[in-house]
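Spelled out from the first residue to the last, the chains are:
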Amino acid sequence: MPIIENSKYNTPSLIHRNPHFSTIYAAKIKQVSPPKYATETLELSDGDFLNIDFVIKGQDKAVILCHGLEGDSRRTYNNSCANYFAAQDFSVFAWNNRTCGGRMNRLPKMYHHGSVDDLEAVVQFAFSQGMKSVYLIGYSMGGAQVLNYLGQGKTDPRITATVAVSAPTHIKTCSETLKMGFNKVYLNNFKKEIIKKLKQKVIQFPELANIDKINVLHSFDEIDDYFTAPMHGFIDKDDYYERVSPEFVLQNISTPVLIFNALDDPFLGDRCYPISQAKNSDYVYLEMPKYGGHCAFPLKHSSQSYAEIRALEFFNSI
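Definitions and limits used
- Residues numbered from 1 in each chain as written.
- Predicted model: local features only at pLDDT ≥ 70, side-chain atom pairs only at ≥ 80, totals over all residues.
- Heavy atoms only, no water.
- Buried < 20%, exposed > 50% of the residue type's maximum accessible area, 1.4 Å probe, protein only.
- Helix = DSSP H or I, 4+ residues; strand = E, 2+ residues; numbered from the N terminus.
- Pairing = 2+ DSSP bridges.
- Phe/Tyr/Trp six-rings, centres within 6.5 Å; stacked < 30°, edge-to-face > 60°.
- Lys NZ or Arg CZ within 6 Å of the ring centre and 35° of its normal.

Counting buried positions along strand E3 (residues 49-55) gives 7 out of 7 residues, so the element sits mostly inside the fold. Here strand E2 (residues 38-43) pairs with E3 via 6 bridges, running antiparallel. Within E3, the position partnered with Leu42 by the bridge is Leu50. Hairpin remark: E2 followed by E3, antiparallel, with 5 residues in the connecting loop; positive phi at Gly47, about 95 degrees. Where E3 meets strand E5 (residues 91-95), 4 bridges bridge the pair, whose relative direction is antiparallel. Bridging across to E5, Val55 finds its partner in Val92.

Counted under the stated rule, the structure contains 22 aromatic pairs. When the ring of Tyr9 is compared with that of Phe297, the centres are 5.5 Å apart and the planes differ by 85 degrees; the resulting orientation is edge-to-face. You can see Tyr9 sitting in the loop between strand E1 (3-4) and helix H1 (19-29) and its partner Phe297 sitting in the loop between strand E9 (284-287) and strand E10 (298-299), a full 288 residues away along the chain. In terms of burial, Tyr9 and Phe297 fall into one category: buried. Considering the side-chain rings of Phe54 and Phe125, the 5.6 Å spacing of their centres and the 70 degrees angle between planes classify their relative orientation as edge-to-face. You can see Phe54 sitting in strand E3 and its partner Phe125 sitting in helix H3 (residues 116-128), a full 71 residues away along the chain. Given a relative accessible area of 11%, Phe54 falls into the buried group. Taking the relative accessible area as the measure of exposure, Phe125 reaches 7% and is therefore buried. Taken together, the ring pairs in this structure connect Tyr84, Phe85, Phe90, Tyr135, Tyr285, Phe314 and Phe315 into an aromatic cluster. A cation over an aromatic ring shows up here: Arg103 above the ring of Phe49, its NZ or CZ 4.2 Å from the ring centre. Here Arg158 stacks its cationic end above the ring of Phe127, 3.7 Å away from the centre of that ring.

Right, here's the structure in full:
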């Protein structure tokens, strides 16, 4: 499938050609309220639960929104996207990964880039509400979850098309990128939030880890080696990085997906632009605008992000 050249996204001003400004603006400054959601606590087969926010606009078409690392269903990028699609008469389902959205989950298991079984539960919940056609949009880690979901064969034929925005397709290179220069600001922010949750988990389950080890974590390497990998059944961080990196399953995808990754994204490693995989696939589309930052893509005269506008264009083209 072709690499999409000459992306229509144009930065609205010179200041948004700085990827850090765009990224921080979208995450910390821009404010968008969510739709008037109903909330469902979805009980899972393993005894845990997921919280899903949703608004029903009809049963013909629905979009499922997957948030990023240490995000939740009501992050600004999700709200902007939800409002945009609801205005187009899509029903919207915005779900929270385990531990996200304000409620700690019941089990030791948390979440990660390959949490496809939980995404499958959300997809089936949407179909249980009578939805005839479902589309998926994932941001950052949520984009990786969407790609892993498609690549591991858990797709339903009623899933029409999908979009992965700012998606880390190779997790190890992203971990390395976040150690560099100003990117350490993002790493430290993630680390602070993850450590809070790990400490809560150790209170729930004292056998999981030693609090002292949590207090001296310095990087994702250590977090993933000491906690994420063993907590979720991986041998170590290297096993985890390989098994949850969508790069290794893109060739299995048989549902149309657009990977929309900005070339200036400060979170993404150099292997997060899977050109060869897209060229050799009938279903994987890759668009790489020069600017956009991470989950940002701001527009000059609109509160919308270009990401949701591009997603709807892609869905309409399928």
